[in-house]
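Inside the fold
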Amino acid sequence: MMANPRPRGIIDNLVIGGGPAGSMVAMRLTDAGRKVVLLEKEPGAHHKVCGEFLSHESVDYLHQAGVNPSKLGAAVIHSVRLSTNCKFVEAALPFPALSLSRRVLDAALLSAAEEKGCDVRRGAYVESLTFQGDSWRVGLRGSEPLYARTVFLANGKHDLHGWNRISRRQSDLVGFKLHWQLDQASTEALRGLIELFLFRGGYGGLSLVEGDVANLCLVVQRLRLQELGGWTNLLAAILGKNRHLQQYLQGAFPLWQRPLAISPIPYGYLAGRPCNVWCGGDQAAVIPSFTGDGMSIVLHSAALATQMYLAGNSIDEYNNRLHAQLSRAISLATLLSRTMVTDIGRNLASLGLILVPNAMQWIAASTRIPEHALLTNPAPLK
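The text that follows walks through the structure, step by step, so that each part is easy to find. Not measured: the values here are computed from a predicted model.

Here we come to the packing of aromatic side chains. Counting across every chain of the model gives ten aromatic pairs. Taking the centre distance of 6.3 Å and the plane angle of 70° together, the rings of Phe53 and Phe95 count as edge-to-face. Here Phe53 is found in strand E3 (residues 53–54), whereas its partner Phe95 is found in strand E5 (residues 87–99), with 42 residues between them in sequence. The same class applies to Phe53 as to Phe95, namely buried. With a centroid separation of 5.7 Å and an interplanar angle of 75°, the aromatic rings of Trp278 and Tyr309 are classed as edge-to-face. Taken together, the residues span a long stretch of sequence, with Trp278 in strand E16 (residues 278–279) and Tyr309 in helix H8 (residues 294–310) at a distance of 31 residues. Side by side, Trp278 and Tyr309 carry an identical accessibility label, which is buried. An aromatic cluster of at least three residues, connected via ring pairs, comprises Phe152, Trp278, Tyr309 and Tyr318. The ring centre of Tyr125 lies 3.9 Å from the NZ or CZ of Arg141, which sits over that ring.

The following block contains the structure:
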């Protein structure tokens, strides 16, 4: 019987996923003088289901990576407005924020990683990841397998086969995203705002991104979606109840034939799988999208994983550090998310925000990464 052939060469550092987390890991490793191969399954720039909100923490991390979202056309957001049915309440954000499409942002980050010297391989679809002997075997669709000593898993919300995340907190939601072109009056009315809205079985947001395009992103309970019979009826039901949102989309037209969709979304998940892989981005932690902190956690977890790896820390130490930094915020956000999709929670939310005007600022501040935990760009190591 022929023995398994030994790999021709073993990659020192392999990153799976070319989104913000994967690019951040690749850039920081490359800056430290390490050789890095990054695998991205898509051959070119593409859209992803995302609220596309960038908090000031996210912007700081992007600047560290040499990417300026403002120069890419990001829209400025200074206020948040929450509506349910015909009621709404508005408040200033406790921090400056931007909004930029993932198609533009991800492409800029991946190009920056490539410019730094990372070996970026687009169109590389990873089908399997198994540990064999002293290295990881990475099975690729239509190509020979690769072998790596160290693997960073940063493949976003989509799980790699055999590496499924499990969240017992809230994983019954379906996410949708659709870009719209609003009429001029609605575009100006939305400028500077992020519109959050609650509806039966879910919640969502509407905000401008680059080019004055409006991003509509929402999550809905799977049973509610099945009850309505799909996206078209869901959107009609939302607009039928929320006249405030209806005014924005009246006269608007969608820029895609159908929305992007994703399910399940493991809200409340926090890293801790017993494995020898460094997890970053949504593979490390998933906070409910209404907080606007998802992208900052993506970038922070990637930076932290890289820093601790370079310092010689273990994966368990990294997971413990991440838990200590994020568990409170993720637990609170997930509790609020589970409450918001119920009829009682939706009614209490609108009443509570009216009675307590500072409630939105408190929620935003309480679900952020602690200030002391944020990282600066390290000096290059050789």
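A few words on the nonpolar core. Core analysis: the biggest nonpolar cluster contains 104 residues, and Leu14, Leu39, Leu129 and Val277 have the highest contact counts within it. In terms of residue count, H8 provides more of this core than any other element does, eleven residues in total. Those residues in contact with Leu129, other than ones at most four positions away along the chain, are Ile16, Trp136, Arg137, Val138, Val151, Leu160, Trp163 and Val277. The next biggest cluster of nonpolar side chains, apart from the first, holds 28 residues, and it includes Trp180, Leu218, Leu225 and Ile238.

With that settled, consider unusual backbone geometry. Cis rather than trans, the peptide bond between Ser263 and Pro264 has omega equal to -5°. Looking at the element boundaries, Pro264 is found in the loop between strand E15 (260–262) and E16. The phi torsion at Glu52 lies on the positive side, around 60°, for a residue other than glycine. Its location among the elements puts Glu52 in the loop between strand E2 (36–40) and E3.

All right, on to helix H2 (residues 56–64) then. Since one α-helical turn is 3.6 residues long, residues separated by three or four positions face the same way. Among the residues of H2, Glu57, Ser58, Val59, Tyr61 and Leu62 are the ones counted as buried. Where H2 is buried, its residues meet helix H1 (20–31), E3, E5, helix H3 (102–115) and H8. Gly66 sits one or two residues past H2 and shows a positive phi near 85°.

On to the state of the cysteines. For the structure shown, the criterion picks out zero disulfides. Unpaired in this structure, Cys50 has its nearest cysteine sulfur neighbour in Cys217, at a distance of 6.7 Å. When its relative accessible area of 13% is taken as the criterion, Cys50 is described as buried. The class of Cys217 is buried, set by a relative accessible area of 14%.

As a further point, take the packing of H1 against H3. Relative to each other, H1 and H3 sit at 20°, their axes nearing to 9 Å. Taken together, the axis directions place H1 and H3 in an arrangement best described as roughly parallel. When the axes of H1 and H3 are compared, the crossing they make is left-handed. Taken together, the residues of H3 that come into contact with H1 (itself represented by Pro20, Ser23, Ala26 and Met27) are Arg102, Asp106, Leu109, Leu110, Ala112 and Ala113. Residue composition of the contact of H1 with H3, grouped by class: seven nonpolar, one polar and two charged.

Rules used throughout
Residues numbered from 1 in each chain as written. Predicted model: local features only at pLDDT ≥ 70, side-chain atom pairs only at ≥ 80, totals over all residues. Heavy atoms only, no water. Phe/Tyr/Trp six-rings, centres within 6.5 Å; stacked < 30°, edge-to-face > 60°. Helix = DSSP H or I, 4+ residues; strand = E, 2+ residues; numbered from the N terminus. Buried < 20%, exposed > 50% of the residue type's maximum accessible area, 1.4 Å probe, protein only. Lys NZ or Arg CZ within 6 Å of the ring centre and 35° of its normal. Core = buried A, V, L, I, M, F, W, Y, C linked by side-chain atoms within 4.5 Å. Contact = heavy atoms within 4.5 Å. Disulfide = S-S within 2.5 Å. Axes fitted to C-alpha atoms, helices over the stretch in contact; angles between N-to-C directions. Parallel < 35°, antiparallel > 145°, perpendicular 65-115°, else oblique. Left-handed = near helix turned anticlockwise from the far one by under 90°. Nonpolar A, V, L, I, M, F, W, Y, C, P; charged D, E, K, R; others polar.

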